[in-house]
Amino acid sequence: MDSPTYILIFTKAAVLLVAYLLSIGLGVLIHELGHAAMALLLTKQTVSLRVGNSETAKKIRFGRLELTLSLRGFRYGSTSYDRSQESLSTQIIVALSGPLGSLLAIVFAFIFVSTVSREGVLWLLLLSFFVANFRILLVALWPIKYRPNKESDEVWLSDGLDIWRMLRQNKG
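Residues numbered from 1 in each chain as written. Predicted model: local features only at pLDDT ≥ 70, side-chain atom pairs only at ≥ 80, totals over all residues. Heavy atoms only, no water.

Asker: What is the right way to read the sheet that holds strand β3 (residues 65-69) from this model?
Answerer: Sheet strands pair by backbone hydrogen bonding; their relative direction is either parallel or antiparallel. Across the sheet, which stays open at both edges, the four strands sit in the order β2-β3-β1-β4 with mixed pairing between neighbours. Each edge of the open sheet carries a strand with a single partner, namely β2 (58-62) and β4 (77-80). The mean angle between the axes of side-by-side strands here comes to 10°, regardless of whether they run parallel or antiparallel. As paired elements, strand β1 (residues 47-51) and β4 share four bridges and run antiparallel to each other. For Val51, the partnering residue across the bridge sits in β4 and is Gly77. Packed onto the sheet, helix α1 (residues 3-42) meets β1, β3 and β4 and runs at close to 175° relative to β1. (Pairing = 2+ DSSP bridges. Helix = DSSP H or I, 4+ residues; strand = E, 2+ residues; numbered from the N terminus. Axes fitted to C-alpha atoms, helices over the stretch in contact; angles between N-to-C directions. Contact = heavy atoms within 4.5 Å.)

This is the structure:
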């Protein structure tokens, strides 16, 4: 391969990496908006949506929705409301809505990745968006505990583990 070919490959790889990182943040926001939208529809509560984990996060309020956004820790997000005030079925539907948001993002990206020319930057952006949301969906459904912030002892449950525990609680 000649030098211009290496430069082209390096440039495409760099675009893919940057697009993937941006897509992770956007994908987490889409996933959490899935939870938040359903919580807003099914409850009368204020719903808090958080992406990232910085003290200097940007806070925005839209009616009953409180958004807290930060670039630091953008791979993690959460949506919260007082679950004790809601039925188990409402809690399960809200928990399923985040993965549904991720699934819709995957379908959207797949449709466009399949129809756009593979030669352009747009294809790389859409491919990154597809892969990032696929990763988010897998992590959300996999029944695991994780720490969104290494400096804290806080432990979060994946949507899959949260739903599994709710279903088990209902049987007990």
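On we go from here.
Asker: Help me out: how do you make sense of the pattern of salt bridges in this one?
Answerer: Pairs can form between side chains of opposite charge once their charged atoms are near each other. Summed over the entire model, instances satisfying the criterion amount to two salt bridges. Residue Asp162 is joined to Arg83 by a salt bridge in which the shortest nitrogen-to-oxygen separation is 2.9 Å. You can see Asp162 sitting in helix α4 (residues 159-171) and its partner Arg83 sitting in the loop between β4 and α2 (88-115), a full 79 residues away along the chain. Judged by its relative accessible area of 30%, Arg83 is partly exposed. (Salt bridge = Lys/Arg side-chain N within 4 Å of Asp/Glu carboxyl O. Buried < 20%, exposed > 50% of the residue type's maximum accessible area, 1.4 Å probe, protein only.)

Asker: Mind showing me how you'd approach the packing of aromatic side chains here?
Answerer: Tallied over the entire structure, the rule returns six aromatic pairs. Taking the centre distance of 4.7 Å and the plane angle of 55° together, the rings of Phe108 and Phe112 count as tilted. Pair noted here: Phe108 and Phe112 are both in helix α2, with a separation of four residues, about one helical turn. Owing to a relative accessible area of 42%, Phe108 belongs among the partly exposed residues under this scheme. Among the aromatic residues, those joined into a cluster by ring pairs are Tyr76, Tyr146 and Trp156. (Phe/Tyr/Trp six-rings, centres within 6.5 Å; stacked < 30°, edge-to-face > 60°.)

Asker: Hey, could you run me through the packing of α1 against α2 in this one?
Answerer: When two helices pack together, their arrangement is given by the angle between the helix axes and the distance between those axes. Taken N-terminus to C-terminus, the directions of α1 and α2 make an angle of 140°; their axes are 7 Å apart at the nearest point. As the angle between them shows, α1 and α2 are arranged oblique. Where α1 crosses over α2, the handedness of that crossing is right-handed. Here Ile30, His31, Gly34, His35, Met38, Ala39 and Leu42 of α1 lie close against α2, whose contacting residues are Thr90, Ile93, Val94, Ala95, Ser97, Gly98, Pro99, Gly101, Ser102 and Ala105. A per-class count over the contact of α1 with α2 returns nine nonpolar, eight polar and no charged. (Parallel < 35°, antiparallel > 145°, perpendicular 65-115°, else oblique. Left-handed = near helix turned anticlockwise from the far one by under 90°. Nonpolar A, V, L, I, M, F, W, Y, C, P; charged D, E, K, R; others polar.)

Asker: Is there a simple way to think about the environment of Arg147 in this case?
Answerer: Tracing the backbone through its elements, the reader meets Arg147 in the loop between β5 (145-146) and β6 (156-157). Note on Arg147: relative accessible area 44%, which makes it partly exposed. For the pair Arg147 and Tyr76, spaced 71 residues apart in sequence, the C-alpha to C-alpha distance is 9.4 Å. Sequence-distant contacts of Arg147, defined by excluding residues within four places in its chain, comprise Tyr76, Ser152, Asp153, Glu154 and Val155.

Asker: Just checking my understanding: could you explain the packing of α2 against α4 for this structure?
Answerer: Packing of α2 against α4 brings their axes to within 9 Å, and their N-to-C directions diverge by 160°. By the angle between their axes, α2 is roughly antiparallel relative to α4. Handedness of the α2/α4 crossing: left-handed. Where α2 approaches α4, its residues Leu88, Gln91, Ile92, Ala95, Leu96 and Pro99 are matched on the opposing element by Asp159, Asp162, Ile163, Met166, Leu167 and Asn170.

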